[in-house]
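For reference, the chains in residue letters:
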Amino acid sequence: GFLCRSTDAGVTWSCQAPTGMGLMAATTLDASTGSLQAIASTGQQIWMALDNTSTLFRSRDDGVTWTNTTQLSTAGSPINAVKCLSPTQCVALVSSPSATSLEAFRTTDAGLTWTRTLNETRGDRVTALVGLGQGVVVALGDPTSTTVPYGYRSADFGATWNYIPPAGITN
């Protein structure tokens, strides 16, 4: 039930219960509600964290304290990912096999506000967001899924997304 942070490039670590994260502040990180699923940094002491209810938390002091910013989605049983592509632009993905949905969200103000930029019907999940530089980000579907692998690509910091068909992805 702790977040750990390093201020010396990973040489030493300090772990503590995060303040301001509600359910995540005690020992419930591995419980059915409030479990941390994704975390990313803008590189400017600002961090974003998503829990398994698609609630987004934001830290402005390098992860010492956190505030609940917004709930990105109400889809059931979501799998979340978040990736910062610049000091102000981040993308978040919420994929929910139970709700058969895939939603992408984008912020251009370092996580203060979020806009949905993709809403697709999918029966599987996205397991990774990969930043490729210059605003290009790829969302990859679960390669172990019983359906064919797939993905989405954005070349404009997550503003628009293009589907990557199964022929474009190999296991």
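Above this text sits the structure in question.
Positions within a chain are numbered from 1, following the residues in the order the chain's sequence is written. Predicted model: local features are reported for residues with pLDDT of at least 70 only, side-chain atom pairs are reported and counted for 80 or more only, and whole-chain, interface and lining totals are derived from all residues. To get the side-chain values, take all heavy atoms of the structure and skip hydrogens and water.

Trainee: Looking at this structure, I do not really get the overall build of the protein chain. What am I missing?
Mentor: Per the secondary structure count, the protein chain includes zero helices and 14 strands. If you list the helices and strands of the protein chain from N to C, you get β-β-β-β-β-β-β-β-β-β-β-β-β-β. Working definition: with a 1.4 Å probe on protein chains only, accessible area under 20% of the residue-type maximum means buried, over 50% means exposed, and in between means partly exposed. Evaluated residue by residue, the protein chain yields a buried proportion of 43% over its 171 residues. In what follows, residue pairs with any heavy atoms lying within 4.5 Å of each other are defined as contacts. Sequence separation of at least 24 residues holds for 34% of the intrachain contacts in the protein chain that already meet a minimum separation of 6. Within the structure as shown, the protein chain displays about 8400 Å² of accessible surface, and the carbon and sulfur contribution to it stands at 53%. Each helix is a run of DSSP H or I of at least 4 residues and each strand a run of E of at least 2, with the numbering of both proceeding from the N terminus. A 1.4 Å probe and the Shrake-Rupley method give the accessible areas. Residues count as covered only by the protein chains that appear here.

Trainee: Honestly, the state of the cysteines in this entry has me stumped. Any pointers?
Mentor: Think of a disulfide as a covalent bridge from one cysteine sulfur atom to another cysteine sulfur atom. Only a pair of cysteine sulfur atoms within 2.5 Å qualifies as a disulfide here. Considering all chains together, one arrives at one disulfide under this definition. In this model C84 forms its disulfide with C90; the gap between the sulfur atoms is 2.3 Å. With the S-S dihedral at roughly 95 degrees, the linkage between C84 and C90 falls on the right-handed side. Comparing C84 with C90, the two get one shared label, buried.

Trainee: Would you explain the nonpolar core in this entry?
Mentor: Soluble globular proteins: nonpolar side chains tend toward being buried together. In plain words, nonpolar cores are sets of buried Ala, Val, Leu, Ile, Met, Phe, Trp, Tyr and Cys residues tied together by side-chain atoms within 4.5 Å. M48, L50, L72, V82, A92 and W114 are the most contacted members of the largest nonpolar core, which totals 15 residues. Mapped onto this core, the elements with two or more residues apiece are β3 (36-41), β4 (47-51), β7 (79-84) and β8 (90-96). With three residues, β8 is the largest single contributor of residues to this core. Setting aside residues no more than four positions away along its own chain, L50 makes contact with S35, L36, Q37, A38, T55, L56, L72, N80, A81, V82 and A92. Core analysis: the second largest hydrophobic core is formed by 13 residues, A104, L118, V137 and Y152 among them.

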